Amino acid sequence: MRLTKSTDLALRAIMRLAVAGAEPCTARQIAGEMQVQYSHLAKVAARLQHLGLIETRRGRGGGLVLTETGRTASVGQLVRQLEGADEVVDCEGDTPCPLRQGCRLRMALRRAQEAFFSSLDPLTVTDLVGSPTGPVLLGLVGRPPGSDR
């Protein structure tokens, strides 16, 4: 299974906010650190806010902050919410698969997808930013976009 770019970015943004603690980070700052387009990060941030995982603070010193819900969220549940309920394969698409009525592969893939999510369930966002990840994320702070130092 492969995560969408939006889910990948959402997880990385949440991890970045987790190491920031109560200190707000701007979407532009995170986009620069993650070397992604600001517009893409802004869409992801809006989704995370809608899910109650981050809050936005306006004005001077404002930015994005991880909520307690976001900090303690199960990574498996986050990925389920961000990825949606789509199956690994599209048996009903433009050209429906002729095996779809009695296919054992479809069910096996559905079980494998749930096993993937289930393996992430015990992890929280806080778990993800433990050493060595947290220090690496903190090393991105103030790093010029595109730099590999």
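The coordinates are above.
Let's shift gears to the overall build of the protein chain. For the protein chain, the count of helices and strands is 8 helices and 2 strands. Taken over the C-alpha atoms alone, the protein chain extends approximately 60 × 30 × 30 Å along its principal axes. The buried share of the protein chain, taken over its 149 residues, is 37%. Taking the intrachain contacts of the protein chain between residues at least 6 apart in sequence as the baseline, contacts between residues at least 24 apart amount to 67%. Approximately 9200 Å² of the protein chain is accessible, and the part contributed by carbon and sulfur atoms is 54%. In the protein chain, 19 positive and 15 negative side-chain charges are present, and the distance between their average locations comes to 4 Å.

A word on the packing of helix 1 (residues 5–20) against helix 2 (residues 27–34). One way to put it is that helix 1 packs onto helix 2 with a least axis distance of 11 Å and a crossing angle of 115°. The angle between helix 1 and helix 2 falls in the class roughly perpendicular. You can see that helix 1 and helix 2 cross each other, and the crossing is right-handed. Where helix 1 approaches helix 2, its residues Leu9, Arg12, Ala13, Arg16 and Leu17 are matched on the opposing element by Gln29, Ile30, Glu33 and Met34. Residues of the contact of helix 1 with helix 2, tallied by class, amount to 5 nonpolar, 1 polar and 3 charged.

Attention now goes to the pairing of strand 2 (residues 63–66). Here strand 1 (residues 54–57) runs beside strand 2; their pairing, made up of 4 bridges, is antiparallel. When the sheet's bridge partners are listed, Ile54 is paired in strand 2 with Leu66. Counted along the chain from strand 1 to the antiparallel partner strand 2, the turn is 5 residues long, and its residue Gly59 has a positive phi close to 85°.

Okay, the pattern of salt bridges next. Taken as a whole and judged by the stated rule, the model has 6 salt bridges. For Arg12, the salt bridge identified is with Asp8, shortest N-O distance 3.4 Å. Of this pair, Arg12 and Asp8 are both found in helix 1, 4 residues apart, which corresponds to roughly one turn of the helix. Using a relative accessible area of 28% as the deciding quantity, one classes Arg12 as partly exposed. Under the relative-accessibility criterion, Asp8 is labelled partly exposed at 34%.

Our next topic: unusual backbone geometry. Residue Pro132 is bonded to the preceding Ser131 through a cis peptide linkage, with omega at 10°. By the secondary structure assignment, Pro132 is in the loop between helix 7 (125–128) and helix 8 (133–139). Unusually for a residue other than glycine, Gln35 sits at a positive phi of about 55°. Its place among the elements puts Gln35 in the loop between helix 2 and helix 3 (38–50). What makes Gln35 partly exposed here is its relative accessible area of 46%.

Here helix 1 is 16 residues long and its end C-alpha atoms lie 23 Å apart, about the 22 Å a rise of 1.5 Å per residue gives. Buried residues dominate helix 1, accounting for 12 of its 16 residues. Every buried residue of helix 1 is accounted for by Thr7, Leu9, Ala10, Leu11, Ala13, Ile14, Met15, Arg16, Leu17, Ala18, Val19 and Ala20.

Basis of the calculations
Residues numbered from 1 in each chain as written. Predicted model: local features only at pLDDT ≥ 70, side-chain atom pairs only at ≥ 80, totals over all residues. Heavy atoms only, no water. Helix = DSSP H or I, 4+ residues; strand = E, 2+ residues; numbered from the N terminus. Buried < 20%, exposed > 50% of the residue type's maximum accessible area, 1.4 Å probe, protein only. Contact = heavy atoms within 4.5 Å. Areas by Shrake-Rupley, 256 points an atom, 1.4 Å probe, with all protein chains shown as cover. Lys, Arg positive; Asp, Glu negative; His and termini not counted. Charge placed at Lys NZ, Arg CZ, Asp CG, Glu CD. Axes fitted to C-alpha atoms, helices over the stretch in contact; angles between N-to-C directions. Parallel < 35°, antiparallel > 145°, perpendicular 65-115°, else oblique. Left-handed = near helix turned anticlockwise from the far one by under 90°. Nonpolar A, V, L, I, M, F, W, Y, C, P; charged D, E, K, R; others polar. Pairing = 2+ DSSP bridges. Salt bridge = Lys/Arg side-chain N within 4 Å of Asp/Glu carboxyl O. Expected span 1.5 Å × (residues − 1).

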